[in-house]
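Fold and contact review
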Amino acid sequence: MASPAPALEILVREPDGFTVWSGPPYPPGSSPPQKLPKTPCSATSFSADGTRLLATVASASATVYDCRALAVVRVFELPGLLAAALSPTGTYLQTFQKSSSTQEKNVTVWHVDTATALYQHFQKSMSKATWPMVQFSADESVACRMMPNEIQFLDPKDFTKGIVSKIRMPGIAAMQLATAPGSHVAGFVPEAKGVPASVQIFSSSKDAQNQVVARRSFFRCSTVQLLWNKGSTGLLVLAQADVDKTNQSYYGETKLHYLTTDRAFEGMVPLKKDGPVHDVQWSSSGSEFAVVYGFMPAKATIFNKKCNPLLELGEGPYNTIRWNPKGRFIVLAGFGNLPGDMAFWDYSEKKLVAKTKAEWSVSSEWSPDGRYFMTATTAPRLQIDNGIKIFDHNGSLQFKKMFEKLYQADWKPEAPERFGDIADLTTSLSSLKIEETKKQVSAQGSKPGQTSSKAPAQTAQKPSAYRPPHSKGSAELQDKLFGGLAPTGGEMSKNALRNKKRREKQKEKKAGEASGSPADES
């Protein structure tokens, strides 16, 4: 017997602390239930598998929670704490603290359950690009760190062994370990003194680390983003230059390169429009990737692992792409300095499902089950109109909540395969709707009169705002889904009521003028 699907949860952080909500669906007009009292913190994050939650207080402490019971596992008192991160399954906690001397080791890998310091080293500084210092594979079987001119490997089962192997890479500035599985590692060396920049792929296996698996060199590049697919067979390299020497863009120049571990492809992704690469994302299967690129209106294309185009998603004011964890639905969006247009695509049917808007969105992501898409307007990027919006996979707004100030809104990670297919839910809801419609028709047929026959027609003409397609015009269906908390669909809307009153006043006015005209003439 299959285990039941896990419940969706949302982490919400405000100035006075964080809490965890139960996930959608929510009854109309209700507030999401809180599963954890609001707790003060400076930052929060989940482990990659969603089993543990980390909450930190700047320069003071780090607290690790068990997500199943939302209970504290361990509290670490860490004076001068600047950054902290959990390993993919939450076994280890990595911390970075202020250091007064090079003799003081300020990067520590802790075992969460025992609070034991397993590994330490000194690091002068850190940045978003180099944190966390020690990278783990998804199953935590491989661990490595970047040091000057080399990549060093550690044994996660026994950190006391120290450095177990090294890969020499003079001038290395960035590194990314493949996570699922941790079979390969990629390193980036910037251009210097006429020598082009390069990205090289090596095997993580100790016996095969001396040979380059794949390599790509290019000019006009200062930084890169290294994006591995699931399966660790393909690597996308988003190369960025601070200055566009063609003078076409104020924001610099970007190029997208693609390398495979079997050397089947090493080169640039064939994009059909000039301009920057705004966003790129792998599908959950690792077999396709989607790219948004080009000067506005931007173009969106899906490629396969051989870098051949599979589907064109058209053009529009877009700079963001989000592929849902089930691989079926895709959202194209224009956030940041764009007006917030969103296009929902059904990739399996190769068709556009809906278009809508989510203005001022700062962050956006699909729920782990692939049914909901959440956008959030957060500080400090925007200090006003902070809030959360949740849409279903068809682009219909299901929930909206505004905040005086919101810092963070994240889904709790879960493995997508633990959830059923979206089609199963759609089918069950459709059958429920048909059954309820039959009941309503038979009930209306047994009651003579004009009121019962006009109410459904009025509801169909003007559906309530933000109601999902499967529940339009069906109050009884909403009662079944939400336990009788849904509003009735037969009442007139405010606009309809106002228009009715206006028409009645106009009739009265005309009637008064008609009756008063003979008296004026006499």
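Our structure is the block above this text.
Residues numbered from 1 in each chain as written. Predicted model: local features only at pLDDT ≥ 70, side-chain atom pairs only at ≥ 80, totals over all residues. Heavy atoms only, no water.

Turning to the overall build of the protein, a few remarks are in order. For the protein, the helix and strand inventory stands at four helices and 35 strands. Among the 522 residues that make up the protein, the fraction classed as buried is 45%. A sequence separation of at least 24 residues applies to 41% of the contacts in the protein between residues at least 6 apart. Roughly 26,800 Å² of accessible area belongs to the protein as shown, and the carbon and sulfur atoms make up 52% of that amount. (Helix = DSSP H or I, 4+ residues; strand = E, 2+ residues; numbered from the N terminus. Buried < 20%, exposed > 50% of the residue type's maximum accessible area, 1.4 Å probe, protein only. Contact = heavy atoms within 4.5 Å. Areas by Shrake-Rupley, 256 points an atom, 1.4 Å probe, with all protein chains shown as cover.)

Here we come to the pairing of strand S2 (residues 17-22). S2 sits mainly inside the fold: five of its six residues count as buried. Relative to S2, strand S1 (residues 9-14) runs antiparallel, the two being bridged by six bridges. Across the sheet, Glu14 pairs through a bridge with Gly17, a residue of S2. Between S1 and S2, which pair antiparallel one after the other, the connecting turn spans two residues. (Pairing = 2+ DSSP bridges.)

Among the secondary structure elements, Val107 is positioned in strand S9 (residues 107-111). Those residues in contact with Val107 that sit more than four places away from it in its chain are Gln94, Thr95, Phe96, Tyr119, Gln120, His121, Gln123 and Met133.

Moving on to the pairing of strand S24 (residues 288-293). Counting buried residues in S24 gives six out of six residues, a clear majority hidden from the surface. Neither face of S24 is exposed, since Glu288, Ala290 and Val292 on one face and Phe289, Val291 and Tyr293 on the opposite face are all buried. Alignment of strand S23 (residues 277-282) against S24, held across five bridges, turns out to be antiparallel. When the bridges of S24 are listed, Val280 appears paired with Val291. In sequence, S23 turns back onto S24 through a hairpin of five residues, with Gly286 there showing a positive phi of about 80 degrees.

This brings us to the sheet that holds strand S14 (residues 163-168). Spatially, four strands are ordered S11-S12-S13-S14 in an open sheet, and the strand pairing comes out antiparallel. Whereas interior strands pair on both sides, the edge strands pair on one side only; in this sheet they are strand S11 (134-136) and S14. Put simply, the sheet's adjacent strands are angled 25 degrees from each other on average, direction ignored. Looking at chain direction, strand S13 (residues 150-154) and S14 are connected through five bridges and run antiparallel. Within the sheet, the bridge partner assigned to Ile151 lies in S14 and is Ile167. (Axes fitted to C-alpha atoms, helices over the stretch in contact; angles between N-to-C directions.)

Here Thr51 shows up in the loop between strand S3 (43-46) and strand S4 (52-57). The exposure class assigned to Thr51 is buried, which follows from its relative accessible area of 18%. The spatial distance from the C-alpha of Thr51 to the C-alpha of Lys412 is 8.7 Å, given a sequence separation of 361 residues. Leave out the neighbours within four places in its chain, and Thr51 touches Tyr65, Asp66, Cys67, Arg68 and Thr89. Separated by 2.9 Å, the side chains of Thr51 and Asp49 make a polar contact. (Polar contact = N/O pair within 3.5 Å; in protein donor to acceptor, adjacent residues only side chain to side chain.)

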